[in-house]
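# Observations on chain architecture
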Amino acid sequence: MQELKIRKITTPLTDDVISDLRAGDKIELTGVLYTARDAGHKRLVKMIKDGDKLPFDIKGQVLYFVGPTPAKPGMPIGSAGPTTSGRMDLYSPHLIKCGLKGMIGKGARAKEVIETMREYKCIYFAAIGGVAALLSKKIKKAEVIAFEDLGTEAIRRLEVENFPVVVINDIYGGDLYKEGVKQYSTRE
Amino acid sequence: MKRIHYNDIVDKVREMCIEANYSLSKDVIASYERALEMEKSPLGQEVLGQIMENARIADKEGMPLCQDTGLSVFFIEVGQDVSIAGGLLDDAINEGVRQGYNTGYLRKSVVQEPVFERRNTSDNTPAIIHTELVSGDRLKIMLDIAGGGCENMAALKMLRPADGLEGVKQFVVETVRNAGANPCPPVVVGVGIGGDFEKVAMLAKRALLRPVGQPHSKLEVAALEEDLLKKVNQLGIGPVGLGGIVTALAVHVEMHPCHIASLPVAVNLGCHSSRHKSITI
């Protein structure tokens, strides 16, 4: 694991930036993120399979796996922490092949996802699960851009400032979950 | 006979849903402080600090602690000398949930059926309601906010009696290991042992409602809880799975008599934001 220095990065992500990231890097993201979770992913991948145009240009973008709580009056968004990424594993490779460059969630990814990430240069970040009130402070603007009928599961375009994440899977096979457990496991 | 009105139950449940989602109880905060003292990983310590900061923000600003404001799971004890006036108990609970999730700006996370269209019911109902008839003239309402991330990592196994205590321990530890970062550790591990297939699951869920870290009243069960906590914390998963000493805040075990042929065991994990609330009318 690397030292706890924070790097500031802006989205969309380029291959150069991605090549420079390693598992364990602490990052603050500034720029645009798009939200999607189970139901949104299902529709996006159906659109790809049907040859339809996606509701936003996915090239270089970062998807945040989140279904926020409703915004209180005067606030851009409600509480907004990451959901479990494993549920997106069946869908993610399709999106990565269309140019998706980053994903933010929590929990381990399937082997197929990690392999596709390495091949197409895509990074998997984790946000701290369950600190949704704190994370919402980093979201300055939120706008539903597709699938409004899905409520919390609609696709939103977020503008974030210094949104804190950590690199879990880099494109070199690094995996912070595995490394972290290895370092602190005391089981025989 | 004590009369309790439908509207009183609705009001109480509405408040419970909002309070449980905005503010952690003292036992949970105290368990964070103990965790912070124990944790050796610098990243783990930092995560625990953020978890505590999140709790302060949510409480102060009246915001949900987590975007997953859960399925509302109720355990209700109805005294035999209570009469509920003005409507059905289940309707009152669901109306309270409906009002609480709407007025509290909580996320609606329930779909009408599991496999066809999965359309959101848009008011977080129906709640899961377990009702038990007890002696006395009180109505006790206990609420557990069950988020999807940790609920999905629950597991149940019908062990053989020959598997014994060792088999039980192994299953509990393996369930926490398999869950990894998904249930937002440090978790509260609810363990049910005994009963039958459905009873053991209820025991595991019910165990999550105990104040965090309060040992079981029976000494041998409390010793088992302590041993399981030690084993789980040797896994190295740590706060939110990034590696560390504190994988669980507590292990709570509930037991029940069972069939001579059976040894059911169930594990229900609660995330670090252990949201539970209890009131008595």
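Because the structure is a prediction, the values reported are computed rather than measured.

## Points about the overall build of chain A
- Scanning chain A for helices and strands turns up six helices and seven strands.
- Written out in order from the N terminus, the α and β elements of chain A read β-α-β-α-β-α-β-α-β-α-β-β-α.
- Once the C-alpha set of chain A is aligned to its principal axes, its extents read approximately 50 × 40 × 35 Å.
- Out of the 188 residues in chain A, the part that is buried amounts to 56%.
- When contacts within chain A are restricted to residue pairs at least 6 apart in sequence, long-range pairs at least 24 apart make up 63% of them.
- Carbon and sulfur atoms provide 50% of the accessible area of chain A, an area that totals close to 8100 Å².
- When the 30 basic and 24 acidic side-chain charges of chain A are each reduced to a single mean position, those positions are 3 Å apart.

## Some remarks on the side chain of E39 of chain B
Residues and elements named next belong to chain B.
- Its place among the elements puts E39 in the loop between helix 2 (26-38) and helix 3 (42-61).
- K40 provides the closest opposite charge to the buried, unpaired E39, separated from it by 7.7 Å.
- Within the local environment of E39, its side chain forms a polar contact with the backbone nitrogen of V246, the two atoms lying 2.8 Å apart.
- The residues touching E39, leaving out its near neighbours within four places in the chain, are G44, Q45, L48, P239, G244, I245 and V246.

## Quick word on a nonpolar patch on the surface
- Taken together, L156, M158 and F197 of chain B make up a surface patch of nonpolar side chains, about 290 Å² in accessible area.
- Its location among the elements puts L156 of chain B in strand 6 (residues 155-159).

## Description of the packing of aromatic side chains
Residue and element names in this part refer to chain A.
- Evaluation of the coordinates by the stated rule reveals two aromatic pairs over all chains.
- Ring geometry for Y34 against F56: centres 4.1 Å apart, planes inclined by 15 degrees, an arrangement best described as stacked. Taken together, the residues span a long stretch of sequence, with Y34 in strand 2 (residues 26-35) and F56 in the loop between helix 2 (38-49) and strand 3 (62-64) at a distance of 22 residues. Here Y34 matches F56 in class, with each residue buried.

## What to know about the domain arrangement of chain B
Residues and elements named next belong to chain B.
- You can read the domains of chain B as domain 1 (2-20 + 65-146) and domain 2 (149-276).
- Summarising the inter-unit geometry, the C-alpha centres of domain 1 and domain 2 are found 25 Å apart.
- Listed per partner, the contact involves 15 residues of domain 1 and nine residues of domain 2.
- Surface buried jointly by domain 1 and domain 2 totals about 1100 Å² across both partners, of which 59% is contributed by carbon and sulfur atoms.
- Among the residues of domain 1 in contact with domain 2, F75, D144 and I145 are the three that bury the most area, contributing 39% of the side total.

## Points about the interface of chain B and chain A
- If you look at the interface, chain B gives 44 residues, while chain A gives 43 residues.
- Approximately 3400 Å² of surface area, both sides summed, lies buried where chain B meets chain A, with 61% of it carried by carbon and sulfur atoms.
- The tally of links between chain B and chain A comes to two salt bridges.
- Counting every contact that joins chain B to chain A gives 16 residue pairs in polar contact (both at pLDDT 80 or more).
- Among the elements of the structure, helix 3 and helix 6 (164-179) of chain B are those that each provide at least two residues to the side of chain B that touches chain A.
- A per-element tally of the side of chain B that touches chain A places helix 3 of chain B first, with eleven residues.
- Here the residues of the side of chain B that touches chain A are counted per class, giving 21 nonpolar, 15 polar and eight charged.

## What about the sheet that holds strand 9 (residues 263-270) of chain B?
All names here are of chain B.
- Strand order in the open sheet formed by four strands is 6-9-7-8, with mixed pairing between adjacent strands. Bordering the open sheet on either side are strand 6 and strand 8 (248-258), each of which pairs with just one other strand. Averaged over all pairs of adjacent strands, the angle between their axes in this sheet comes to 15 degrees, without regard to strand direction.
- Sheet analysis places strand 6 next to strand 9, joined by five bridges and oriented antiparallel. Residue pairing across strands places L156 opposite A266, the latter belonging to strand 9.
- Across the sheet, helix 7 (residues 197-207) touches strand 6, strand 7 (187-195), strand 8 and strand 9, and the angle it forms with strand 7 is around 150 degrees.
- Those strands touched by helix 8 (residues 219-232) are strand 7 and strand 8, and its axis lies near 135 degrees from that of strand 8.

## A closer look at the nonpolar core
- Formed by 83 residues in total, the largest nonpolar core has its most connected members in I104, F125 and F163 of chain A together with L242 of chain B.
- By size, the runner-up hydrophobic cluster in this structure holds 28 residues, among which are C150, V176, V221 and V253 of chain B.

## Here we look at the sheet that holds strand 10 (residues 276-280) of chain B
Residue and element names in this part refer to chain B.
- If you walk across this open sheet you meet the four strands as 4-2-5-10, and the pairing is mixed. Among the strands making up the open sheet, the edge pair consists of strand 4 (128-134) and strand 10. Taking the axes of each pair of neighbouring strands and ignoring which way they run, one obtains an average angle of 15 degrees across the sheet.
- For strand 5 (residues 139-146) and strand 10, the ladder comprises five bridges, and the chain directions are antiparallel. Note that in strand 10 the partner of L143 across the bridge is K277.
- Sitting on the sheet, helix 4 (residues 89-103) is in contact with strand 2 (71-79), strand 4 and strand 5, with an inclination near 145 degrees to strand 2.

## Here's the deal with the side chain of N233 of chain B
- Mapped onto the secondary structure, N233 of chain B falls in the loop between helix 8 and strand 8.
- Given the relative accessible area of 12%, N233 of chain B is considered buried.

## Focus: the packing of helix 6 of chain B against helix 8 of chain B
Residue and element names in this part refer to chain B.
- The contact between helix 6 and helix 8 brings their axes to 10 Å, and the two run at 40 degrees. As far as their axial angle goes, helix 8 and helix 6 are oblique. The interaxial crossing formed by helix 6 with helix 8 has right-handed handedness. Contacts from L165, K169, V172, V173 and V176 in helix 6 reach L224, D227, L228, K231 and V232 in helix 8.
- A breakdown of the residues in the contact of helix 6 with helix 8 according to their chemical character gives seven nonpolar, no polar and three charged.

What counts and how
- Residues numbered from 1 in each chain as written.
- Chains lettered and ligands numbered in written order.
- Predicted model: local features only at pLDDT ≥ 70, side-chain atom pairs only at ≥ 80, totals over all residues.
- Heavy atoms only, no water.
- Helix = DSSP H or I, 4+ residues; strand = E, 2+ residues; numbered from the N terminus.
- Buried < 20%, exposed > 50% of the residue type's maximum accessible area, 1.4 Å probe, protein only.
- Contact = heavy atoms within 4.5 Å.
- Areas by Shrake-Rupley, 256 points an atom, 1.4 Å probe, with all protein chains shown as cover.
- Lys, Arg positive; Asp, Glu negative; His and termini not counted.
- Charge placed at Lys NZ, Arg CZ, Asp CG, Glu CD.
- Salt bridge = Lys/Arg side-chain N within 4 Å of Asp/Glu carboxyl O.
- Polar contact = N/O pair within 3.5 Å; in protein donor to acceptor, adjacent residues only side chain to side chain.
- Patch = residues over 30% accessible without salt bridge, like charges linked within 9 Å, V, L, I, M, F, W, Y side chains within 5 Å.
- Phe/Tyr/Trp six-rings, centres within 6.5 Å; stacked < 30°, edge-to-face > 60°.
- Domains from an automatic or database assignment.
- Buried area = accessible area lost by both parts, 1.4 Å probe.
- Nonpolar A, V, L, I, M, F, W, Y, C, P; charged D, E, K, R; others polar.
- Pairing = 2+ DSSP bridges.
- Axes fitted to C-alpha atoms, helices over the stretch in contact; angles between N-to-C directions.
- Core = buried A, V, L, I, M, F, W, Y, C linked by side-chain atoms within 4.5 Å.
- Parallel < 35°, antiparallel > 145°, perpendicular 65-115°, else oblique.
- Left-handed = near helix turned anticlockwise from the far one by under 90°.

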